[in-house]
Amino acid sequence: MQLQEILFSQGFGTRRVCAGLVQQGFVTVAGVPCAEPATEFVADGLHFTVQGVAWEYHEKAYLMLHKPAGYECSQKPSTYPSIYTLLPAPIRQRGGGAAAGVQAVGRLDQDTTGLLLLSDDGKFIHRMSSPKHHVPKVYEVTAKHPMDDRQIQKLLAGVVLDDDPKPVRAAACAQTGELQLSLTLTEGKYHQVKRMIAAVGNRVEGLHRSCIGSLALPADLKPGEWRWLTAQDLASISALP
Ligand code: URA
């Protein structure tokens, strides 16, 4: 693939902008400057720098973000900044057009922290967020009042939320402290954790998503930081039933 096409596909701007970046000497490939936009490279796995920033070619983008509190998962947030502002511009612009860039796989509330996946692969987003696939998600809940066994049994047996007569239940629920609970859900209804905890007479004071399927939020990924999913991450998450 031509170098200018590689930059274009990775979100560095229009074809003209990408050709300009190369011609101005802003691009190196595998450590070597390249000023000819039409130079051909094998794109897969290509390492390059643009204005000193290191990149690797990804045909499709699959990322994890440690969502901090105080960010909305919307492209057009109403009150708080958007999580998309935490990503570099090329990742927000990949693909061009109206549906440019990566999209979050589902949403977390403004005050919820933790693991969020993003991608520009529509099939992956659908598979991970579709209720049909029952991808388990683990939430660490801090409740306002001490949790008791009766509340935990109710969460496991199923509670009725206001907009749906069909009870929703936790796939797993373990008390991890007087006020702490680890709750596994396989659906993703609006404010589901907060509404389930309210339905058993308690209240969520803090909410953190620690796992999606087999993927756990890495301890070294700080709030606001993101990283590419590795081939191993993708293989393990794609192997879900
Ligand atoms: N359930 C909630 O109530 N909020 C979230 O952010 C995620 C799950």
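The rules behind these values
- Counting starts from 1 at the beginning of each chain's written sequence and moves along it residue by residue.
- In keeping with the predicted nature of the model, local features appear solely for residues at pLDDT of at least 70, side-chain atom pairs appear and are counted solely at 80 or more, and the whole-chain, interface and lining totals rest on all residues.
- Excluding hydrogens and water, the side-chain figures rest on all heavy atoms present in the structure.
- Helix numbers and strand numbers start at the N terminus; a helix is a DSSP run of H or I with at least 4 residues, a strand a run of E with at least 2.
- Note on classification: 1.4 Å probe, protein chains only; a residue is buried when its accessible area is under 20% of the maximum for its type, exposed when over 50%, partly exposed between these limits.
- All domain edges in this entry derive from an automatic or database-based domain assignment.
- Throughout, a residue-residue contact means that at least one pair of heavy atoms, one from each residue, lies within 4.5 Å.
- Accessible surface is computed with a 1.4 Å probe, and the buried area is the amount of it that two parts give up when combined, taken over both parts together.
- Between Lys or Arg on one side and Asp or Glu on the other, a salt bridge is scored when a side-chain nitrogen of the former is within 4 Å of a carboxyl oxygen of the latter.
- Whenever a nitrogen or oxygen atom comes within 3.5 Å of another N or O atom, the pair is scored as a polar contact, on the condition that within protein one atom can donate a hydrogen and the other can accept it, and that pairs from neighbouring residues in sequence are kept only if both atoms are in side chains.
- The disulfide criterion is simple: two cysteine sulfur atoms within 2.5 Å.
- For two strands to pair, DSSP has to find at least two bridges joining them.
- A molecule or strand has a residue near it when one of that residue's heavy atoms lies within 4 Å.
- Accessible areas in this description were obtained via Shrake-Rupley with a 1.4 Å probe; residue shielding takes into account the shown protein chains only.
- Note on residue classes: Ala, Val, Leu, Ile, Met, Phe, Trp, Tyr, Cys and Pro are nonpolar, Asp, Glu, Lys and Arg are charged, and everything else, Gly too, is polar.

**Student:** Honestly, unusual backbone geometry in this entry has me stumped. Any pointers?
**Tutor:** Most peptide bonds are trans, and most residues other than glycine sit at a negative phi. With a phi angle near 50 degrees, Q51 is a residue other than glycine that sits in the positive phi range. When you line up the elements, Q51 lands in the loop between β3 (47-50) and β4 (53-56). Accessibility expressed as a relative area gives 52% for Q51, which makes it exposed. Notably, H134 is not glycine yet its phi reads approximately 50 degrees, a positive angle. Locating H134 in the fold gives a position in the loop between α4 (122-129) and β8 (137-143). Among the residues examined, H134 registers a relative accessible area of 47% and is labelled partly exposed.

**Student:** Help me understand the domain arrangement of the protein chain, please; the structure alone is not making it clear to me.
**Tutor:** Frequently, the measure chosen for interface size is the accessible area removed from exposure when the parts meet. Under the domain assignment, the protein chain is made up of domain 1 (3-56), domain 2 (62-131 + 215-238) and domain 3 (136-212). Computed over C-alpha atoms only, the centres of domain 2 and domain 3 are separated by 23 Å. In this assembly, 16 residues from domain 2 lie in contact with 10 residues from domain 3. Roughly 1000 Å² of surface becomes buried between domain 2 and domain 3 when both sides are summed, with 44% attributable to carbon and sulfur atoms. Summed over the shared surface of domain 2 and domain 3, the number is two salt bridges. Remark: the boundary between domain 2 and domain 3 carries nine residue pairs in polar contact (both at pLDDT 80 or more). Among the secondary structure elements, those contributing two or more residues to the side of domain 2 that touches domain 3 are β7 (113-119) and β14 (215-216).

**Student:** I keep staring at the state of the cysteines and nothing clicks. Help me out?
**Tutor:** Working definition: the covalent bond between the sulfur atoms of two cysteines is a disulfide. Considering all chains together, one arrives at zero disulfides under this definition. C34 takes part in no disulfide bond, and the closest cysteine sulfur to it belongs to C18, at a distance of 13 Å. Here C173 is not cross-linked by a disulfide; its sulfur's nearest cysteine counterpart is in C211, at 15 Å.

**Student:** Help me out: how do you make sense of the sheet that holds strand β1 (residues 27-29) in this one?
**Tutor:** Pairing is antiparallel in the open sheet, where four strands are placed in the order β2-β1-β3-β4. Two strands lie at the open edges of the sheet, namely β2 (32-33) and β4, each paired on one side alone. Bridge count between β1 and β2: two bridges; the pairing is antiparallel. Bridge pairing in β2 links T28 to P33.

**Student:** Looking at this structure, I do not really get the site of the ligand. What am I missing?
**Tutor:** Around the ligand sit L108, D109, T112, Y139, H191, Q192, V193, K194 and L207, and that is every residue in its neighbourhood. Take H191: an N or O atom from its main chain is 3.2 Å from an oxygen atom of the ligand. The fraction of the free accessible surface of the ligand (240 Å²) that becomes covered by protein chains is 95%. Considering each element in turn, the shell around the ligand owes the most residues, three residues, to helix α6 (residues 192-199). When the residues that make up the shell around the ligand are grouped by side-chain class, the tally is four nonpolar, three polar and two charged. Mapped onto the domain boundaries, the shell around the ligand takes at least three residues apiece from domain 2 (62-131 + 215-238) and domain 3 (136-212).

**Student:** Whenever I open this one, the pattern of salt bridges confuses me. Can you help?
**Tutor:** Working definition: two side chains of opposite charge can pair if their charged atoms are close together. Inspection of every chain in the model, using the stated rule, returns eight salt bridges. When the shortest N-O distance is used, the salt bridge between R150 and D148 registers 4.0 Å. The partner of R227 in a salt bridge is D233, with the nearest N and O atoms 3.0 Å apart. In this structure R227 comes out as partly exposed when scored by relative accessible area, which is 28%. Take D233: its relative accessible area is 12%, and that puts it in the buried class. A single salt-bridge network, built from bridges that share partners, covers D109, D111 and K194.

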